[in-house]
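Here's the letter readout for the chains.
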Amino acid sequence: MGSEKGENCIWLVGEDESRGSDPIVLFKFRCSSCSVITRFPRYNDPLKLLETRRGRCGEWANCFTLYCRAFGYESRLILDFTDHVWTECFSHVLGRWVHLDACDAVYDNPLLYEKGWGKNLTYIIGIAKDGVYDVARRYTRKWHEVLSRRNITTEPIASAVLSDITKECRKALSSHEIRTLEIRDRQEAEELEREIHAQDDFSISLPGRQSGAREWRIARSELGSNETSLSSSACPVRICVDDHVRNIYNAFSVLVSEIVINGIAKATTIKILNTLKTLLLDLRSTSFRVRSLSLNAGPDHPLFSVHQIVLPLDSLLDALSLKRETETGGKMVICLADDPVKTSIALPVALDALDDTIHTVNCMNSFGRESLFPPLLKSNRISSGSVLASGEQLPFGIATSAFDGIHVSKWEEPNGGKGCWIIYKTKDGQMHDLEAYELMSANDAPERDPMDWIVEGSSDGGTSWNILDKQTSQMFDKRFNRRTFKIESVRQMSNAFKFRFLAVRDSKAASRFQIGSIDLYAKSS
């Protein structure tokens, strides 16, 4: 039994023999204020981790690596001897291993630990089903300093041990598989050799550690050197991977426009949309690797022909990485057209967008050409930009969650109850004339909803700003309440947009800020 102080408590370390032949390390911590002891077992079994949903970096990395492997990615667990764990996946597109940290939600930024967290790295070992690898050179620009701290054994002995373990792991592989792995090993070795001679880019600033209590991060000296005032960002720049959201919204806009222009009644429209929802739900329930659905697509099917009007569904199917094929006997099959992961990611977005559309149509007193504008139509949504925020809540409340098109996700700012901000920069500096934007309340805690805010635009990437819209005393009357705001001021072309949220609904009851989604719509050119 040992003990360690940290995070306002004293950790007591022992072993739990309750699992018989498979003992686990058991941590207990005693609060230094009230002396209450909490049991905290460190499980390694992925199924147990998915059940408990509790842990530190080791548990997060184990679960995330499991998911990566389940989706078919070649993955390995990365063990940092200075006390951290993360994942690498091999990208066949990039032809190299990619760094992925589930704890801090960071992608392909291997210098994070040395340059952002301020770690003095030593050994970093990649552990895969086909071998173990020394990958420390990928994570440093100070290789000679790292070498001076690697004193467990000599470098030749360390290399020989890893080589022996790798050979043992590959015993059952065919000679062809071994040759393929050896070629990739040589390519990685050449890449890592280049890394240690690469010049550091001092213009790039990386954040300190975001996960864990602030006191704990301070004790570990992992806050980094760029944690400054509340006016600065406490999270890194994040890229929005949401092109599929724009495509889905555009496809729904085309579909609804075709229905309205051809005079389809409101009741029939709702029937069509609900039929489409049933189709998407049935597709979602099928296996993601071989997703397909067979249906009778005769002339009277509400999805394919209404009063002799053929509905434009192909653009929606394309946005979902799906296609339709005709079988013998007149049946139609909706099936995968591309990577199944793309469809798995896109289907929840489409279902949420469909629910919004059905709700909007239901609430309309007049359903006709005069309704062909937001919120019914969501065309020209700006996507694929980058986001920087005043702060974010890891691991689920990161800034890009506001732009992923999914209802249940949200951006949370832990200290945003009395003010916070988020900046969206367009892809490649593209200029847009902002016509409208939508905000949607998050899943819970109404007291954290935005109440007062200012929207600004910049034509120089964020150096100078002009006010585009200002709102005060706004209220969201329910959860997942989507509200549209049109830009009434003199518009300007912008390549960056800033939301300054000045106050939440009840700042006395909530120190946090949260928003379910932010959607930006450009004026048609």
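One can find the structure itself at the top, above this paragraph.
Summary of the structure given here. Nothing here was measured: the structure is a model prediction, and the numbers come from that model.

Topic: the overall build of the protein chain
For step 1, the next point in the chain: Along its length, the protein chain carries 11 helices and 25 strands.
For step 2, the next point in the chain: When each of the 525 residues of the protein chain is scored for burial, the buried share is 47%.
For step 3, the next point in the chain: Considering only intrachain contacts with a sequence separation of at least 6, the fraction spanning at least 24 residues in the protein chain is 65%.
For step 4, the next point in the chain: For the protein chain, the exposed area adds up to about 26300 Å²; of that, 53% sits on carbon and sulfur atoms.

Structural notes on the packing of helix H9 (residues 266–284) against helix H11 (residues 340–363)
If you want to describe how two helices pack, look at the angle between their axes and the distance between the axes.
For step 1, the next point in the chain: Viewed as axis vectors pointing N to C, H9 and H11 meet at an angle of 165°, and their least axial separation amounts to 10 Å. As summarised for this structure, H9 and H11 are arranged roughly antiparallel, according to the angle between their axes. Remark: the crossing between H9 and H11 carries left-handed chirality. On H11, the residues touching Lys266, Ile270, Leu273, Asn274, Leu276, Lys277, Leu280, Leu281, Leu283 and Arg284 of H9 are Leu347, Ala350, Leu351, Leu354, Asp355, Thr357, Ile358, Val361 and Asn362.
For step 2, the next point in the chain: Of the residues belonging to the contact of H9 with H11, the class tally is 12 nonpolar, three polar and four charged.

Some thoughts on a nonpolar patch on the surface
For step 1, the next point in the chain: Residues Leu47, Leu50, Leu66, Tyr67, Phe71 and Tyr73 make up a contiguous nonpolar surface patch of about 560 Å² in total accessible area.
For step 2, the next point in the chain: For the nonpolar patch, the secondary structure elements donating two or more residues are helix H1 (46–52) and helix H2 (57–70).
For step 3, the next point in the chain: Relative to the elements of secondary structure, Leu50 occurs in helix H1.

Focus: the environment of Arg137
For step 1, the next point in the chain: Structurally, Arg137 is set in the loop between strand E10 (131–134) and helix H4 (143–149).
For step 2, the next point in the chain: Taking the C-alpha atoms as reference points, Arg137 and Arg194, 57 residues apart in sequence, are found 9.1 Å from one another.
For step 3, the next point in the chain: Leaving out residues up to four positions away in the same chain, Arg137 has contacts with Trp143, Leu192, Glu193, Glu195 and Ile196.
For step 4, the next point in the chain: Within the structure, the side chain of Arg137 is placed 3.1 Å from the side chain of Glu193, a separation counted as a polar contact.

Section: the sheet that holds strand E23 (residues 496–504)
For step 1, the next point in the chain: On the basis of which strands lie adjacent, the open sheet formed by six strands has the order E11-E15-E17-E23-E19-E20 and antiparallel pairing. Each having just a single partner strand, strand E11 (238–239) and strand E20 (466–471) make up the two edges of the open sheet.

What to know about the nonpolar core
Among soluble globular proteins, nonpolar side chains are generally buried collectively.
For step 1, the next point in the chain: Ile248, Phe252, Leu276, Leu280, Leu316 and Leu320 are the most contacted members of the largest nonpolar core, which has 42 residues in total.
For step 2, the next point in the chain: The set of elements that each furnish at least two residues to this core consists of helix H8 (243–261), H9, strand E12 (292–296), helix H10 (314–319), strand E14 (331–336) and H11.
For step 3, the next point in the chain: Beyond its immediate sequence surroundings of up to four residues, Phe252 is in contact with Leu276, Leu316, Ala350, Ala353 and Leu354.

Quick look at the packing of aromatic side chains
For step 1, the next point in the chain: Throughout the structure, instances matching the rule amount to 17 aromatic pairs.
For step 2, the next point in the chain: Taking the centre distance of 5.4 Å and the plane angle of 70° together, the rings of Phe90 and Trp97 count as edge-to-face.
For step 3, the next point in the chain: For Phe90, a relative accessible area of 10% corresponds to the buried category.
For step 4, the next point in the chain: Aromatic rings pair up to connect Trp411, Tyr437, Trp453, Phe485, Phe499, Phe501 and Phe513 into one cluster.
For step 5, the next point in the chain: It is Arg76 that lies over the ring of Trp97; its NZ or CZ is 3.8 Å from the centre.
For step 6, the next point in the chain: The ring centre of Tyr133 lies 4.7 Å from the NZ or CZ of Arg76, which sits over that ring.

Thoughts on the sheet that holds strand E7 (residues 96–101)
For step 1, the next point in the chain: The sheet built from six strands is open, its strands ordered E8-E7-E6-E5-E9-E10 with antiparallel pairing. Looking at the sheet topology across the chains shown, the edges are occupied by strand E8 (106–107) and E10.
For step 2, the next point in the chain: Relative to E8, E7 runs antiparallel, the two being bridged by two bridges. Counted as the bridge partner of Asp101 is Val106 from E8.
For step 3, the next point in the chain: The strands touched by H2 within the sheet are strand E5 (75–80), strand E6 (84–91) and E7, with E6 carrying the most contacts at an inclination of about 15°.

Observations regarding the pattern of salt bridges
For step 1, the next point in the chain: Considering all chains together, one arrives at 37 salt bridges under this definition.
For step 2, the next point in the chain: With a closest N to O distance of 2.9 Å, Arg209 and Glu222 form a salt bridge. Taken together, the residues span a long stretch of sequence, with Arg209 in the loop between helix H6 (175–195) and helix H7 (214–219) and Glu222 in the loop between H7 and E11 at a distance of 13 residues.
For step 3, the next point in the chain: We classify Arg209 as buried; its relative accessible area is 2%.
For step 4, the next point in the chain: Overall, Glu222 belongs to the buried group, its relative accessible area being 3%.
For step 5, the next point in the chain: Connected through salt bridges with shared partners, the residues Asp242, Asp356, Lys378, Arg381, Glu438, Arg482 and Asp519 form a single ionic network.

Some remarks on unusual backbone geometry
For step 1, the next point in the chain: A cis geometry characterises the amide bond from Pro374 onward to Pro375, with omega recorded as 10°.
For step 2, the next point in the chain: By secondary structure assignment, the location of Pro375 is in the loop between H11 and strand E15 (386–389).
For step 3, the next point in the chain: The linkage connecting Leu394 with the following residue, Pro395, adopts the cis geometry, with an omega of 0°.
For step 4, the next point in the chain: Topologically, Pro395 is positioned in the loop between E15 and strand E16 (411–413).
For step 5, the next point in the chain: Even without being a glycine, Ser473 presents a positive backbone phi close to 55°.
For step 6, the next point in the chain: Residues other than glycine seldom take positive phi values, yet Phe480 does so here, at roughly 60°.

Some remarks on the side chain of Glu413
For step 1, the next point in the chain: Here Glu413 is to be found in strand E16.
For step 2, the next point in the chain: Although Glu413 lies buried, it forms no salt bridge, and the closest oppositely charged side chain, Arg512, sits 7.7 Å away as judged by the N-O distance.
For step 3, the next point in the chain: When near neighbours in sequence (up to four residues on either side) are disregarded, Glu413 contacts Ser390, Gly391, Cys420, Ser511, Arg512 and Phe513.

What to know about the environment of Ala402
For step 1, the next point in the chain: Position of Ala402 among the secondary structure elements: in the loop between E15 and E16.
For step 2, the next point in the chain: For Ala402 and Leu439, which are 37 residues apart along the polypeptide, the C-alpha to C-alpha distance reads 9.1 Å.
For step 3, the next point in the chain: Setting aside residues no more than four positions away along its own chain, Ala402 makes contact with Trp411, Ile515, Gly516, Ser517 and Ile518.

Rules behind the numbers
- Residues numbered from 1 in each chain as written.
- Predicted model: local features only at pLDDT ≥ 70, side-chain atom pairs only at ≥ 80, totals over all residues.
- Heavy atoms only, no water.
- Helix = DSSP H or I, 4+ residues; strand = E, 2+ residues; numbered from the N terminus.
- Buried < 20%, exposed > 50% of the residue type's maximum accessible area, 1.4 Å probe, protein only.
- Contact = heavy atoms within 4.5 Å.
- Areas by Shrake-Rupley, 256 points an atom, 1.4 Å probe, with all protein chains shown as cover.
- Axes fitted to C-alpha atoms, helices over the stretch in contact; angles between N-to-C directions.
- Parallel < 35°, antiparallel > 145°, perpendicular 65-115°, else oblique.
- Left-handed = near helix turned anticlockwise from the far one by under 90°.
- Nonpolar A, V, L, I, M, F, W, Y, C, P; charged D, E, K, R; others polar.
- Patch = residues over 30% accessible without salt bridge, like charges linked within 9 Å, V, L, I, M, F, W, Y side chains within 5 Å.
- Salt bridge = Lys/Arg side-chain N within 4 Å of Asp/Glu carboxyl O.
- Polar contact = N/O pair within 3.5 Å; in protein donor to acceptor, adjacent residues only side chain to side chain.
- Pairing = 2+ DSSP bridges.
- Core = buried A, V, L, I, M, F, W, Y, C linked by side-chain atoms within 4.5 Å.
- Phe/Tyr/Trp six-rings, centres within 6.5 Å; stacked < 30°, edge-to-face > 60°.
- Lys NZ or Arg CZ within 6 Å of the ring centre and 35° of its normal.
- Lys, Arg positive; Asp, Glu negative; His and termini not counted.

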